[in-house]
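Coordinates in review
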Amino acid sequence: QVQVVETGGGLVQAGGALRLSCRASGSIFGLMGWYRQAPGSQRELVATIAPGNGGEEIYADAVKGRFTIDRYDGENTIDLQMNALKPEDTAVYYCLARSLPEGNVDKWGQGTQVTVSS
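Residues numbered from 1 in each chain as written. Predicted model: local features only at pLDDT ≥ 70, side-chain atom pairs only at ≥ 80, totals over all residues. Heavy atoms only, no water.

**Brief notes about the state of the cysteines**
Here is the rule we go by: In this description, the term disulfide denotes a pair of cysteine sulfurs within 2.5 Å. Note on conventions: DSSP H or I runs of at least 4 residues are helices, E runs of at least 2 residues are strands, and numbering of each starts at the N terminus. For the exposure calls, accessible area comes from a 1.4 Å probe over protein chains only, and a residue counts as buried if that area is under 20% of its type's maximum, exposed if over 50%, partly exposed in between.
Enumeration according to the criterion identifies one disulfide in this entry. Residue cysteine 22 pairs covalently with cysteine 95 via a disulfide, S to S 2.0 Å. Taking the torsion about the S-S bond as the criterion, the cysteine 22 to cysteine 95 disulfide, at about -80°, is left-handed. Of this pair, cysteine 22 sits in strand E3 (residues 18–25) while cysteine 95 sits in strand E9 (residues 91–99), and the two are 73 residues apart along the sequence. There is no split in this pair, since cysteine 22 and cysteine 95 are both buried.

Here is the structure:
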């Protein structure tokens, strides 16, 4: 059974930092990443990372230079270091893990709330 579990998140003041972590289990995973959804908005890309050493990283323009995604393949874990947080970063953050044996099916975590106060 595939499981995707996020940890981290919480409340932080603008300019602060938070670190999210996601661990996937129960399959072999290709692309992994983070998306977010603010109230009244669609879910949007934050960052993704391909497997393997030097796996390609993709960041949304809104987070470039502030957020960093890291991957630990042996543990099927990714982290998202978020620095210089802004109120507009407030959202539920979801972890994505693409399950390869199931035909590249995207599996999602339940989400973790990040709230940035001004």
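Picking up where we left off.
**Structural notes on the pairing of strand E7 (residues 67–72)**
Counted only if it meets this: For two strands to be treated as a pair, DSSP must find no fewer than two bridges joining them.
Of the two faces of E7, only one is covered, namely that formed by Phe67, Ile69 and Arg71; the face formed by Thr68, Asp70 and Tyr72 stays uncovered. Where E7 folds back on strand E8 (residues 77–82), the antiparallel hairpin that results is connected by four residues, among which asparagine 76 adopts a positive phi of roughly 50°.

**Things to note about the pattern of salt bridges**
Put simply, the rule is: The term salt bridge refers to a pairing of a side-chain nitrogen on Lys or Arg with a carboxyl oxygen on Asp or Glu at a separation within 4 Å.
One pass over the full model with this rule turns up nine salt bridges. Salt-bridge contacts for aspartate 79 lead to arginine 19; the nearest nitrogen and oxygen are separated by 3.1 Å. Pair noted here: aspartate 79 is in strand E8 and arginine 19 is in strand E3, with a separation of 60 residues, a long-range link. Looking at aspartate 79, the relative accessible area reads 9%, which means it is buried. Where aspartate 61 meets lysine 64, a salt bridge forms, and the shortest distance between an N and an O atom there is 3.1 Å. In the salt-bridge network here, residues are joined through shared partners; they are Arg36, Glu44, Arg66 and Asp89.

Purely geometric stuff here, so don't read any function into it on its own.
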